[in-house]
Amino acid sequence: MSKVRIILRPNGPLRVEDPEGLVELCDANGNRFDLTGKPAFSLCRCDGSTNMPFCDGTHSKIGFRAAETAVAAETQAQAGPGRGGFCKTNMPIGRATRHARCAKMP
Ligand code: FES
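In this text the structure is predicted, and so the values were computed from the model without any measurement.

Q: Break down the overall build of the protein for me, with residues and values.
A: Counting secondary structure elements, the protein contains four helices and three strands. Element order for the protein, N to C, with α for helix and β for strand: β-β-β-α-α-α-α.

The structure is reproduced here in structure tokens:
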């Protein structure tokens, strides 16, 4: 059995790789989207697609920047290490609370 992989494309969709067709994608009412013959598909996360929930490439036209990279880069540039939502080793604060190395640093 192959694993289903979900990959965050840089500044783009969530790419779902499902070679064995194990994934069911349903709307809010439980109705399934037809994924017949699709070993992989991309889900929009920029909210700009005209073919929701699938990516149609609009993210590149509107300059979508994924939060996990855009926020980190901008905040780091403004605040520097140890401030602005990052620990002393530049890990996001949410992860830093579990980051034992930072807890030992002065
Ligand atoms: S992520 Fe591609 S259109 Fe939204």
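Q: Tell me about the sheet that holds strand E1 (residues 5–8), and please be specific about residues and values.
A: Two pairing modes exist for strands in a sheet, parallel and antiparallel, and in both the strands are linked by backbone hydrogen bonds. A sheet is described by the order of its strands in space; here three strands give the open sequence E1-E2-E3, paired in antiparallel fashion. Two strands close off the open sheet at either side, each with one partner strand: E1 and strand E3 (40–43). The sheet shows a mean angle of 20° between the axes of neighbouring strands, taken without regard to direction. Relative to strand E2 (residues 14–17), E1 is paired through four bridges, and the arrangement is antiparallel. Across the sheet, the residue bridging to Ile6 is Val16, located in E2.

Q: Tell me about unusual backbone geometry, residues and numbers included.
A: Pro53 follows Met52 through a cis peptide bond whose omega is 5°. Summarising the element assignment, Pro53 is placed in the loop between E3 and helix H1 (58–61). A positive phi angle, near 55°, is found at Asn11, a position not held by glycine. One non-glycine residue with positive phi stands out, namely Asp47, at about 70°.

Reading guide: rules and limits
Residues numbered from 1 in each chain as written. Predicted model: local features only at pLDDT ≥ 70, side-chain atom pairs only at ≥ 80, totals over all residues. Helix = DSSP H or I, 4+ residues; strand = E, 2+ residues; numbered from the N terminus. Pairing = 2+ DSSP bridges. Axes fitted to C-alpha atoms, helices over the stretch in contact; angles between N-to-C directions.

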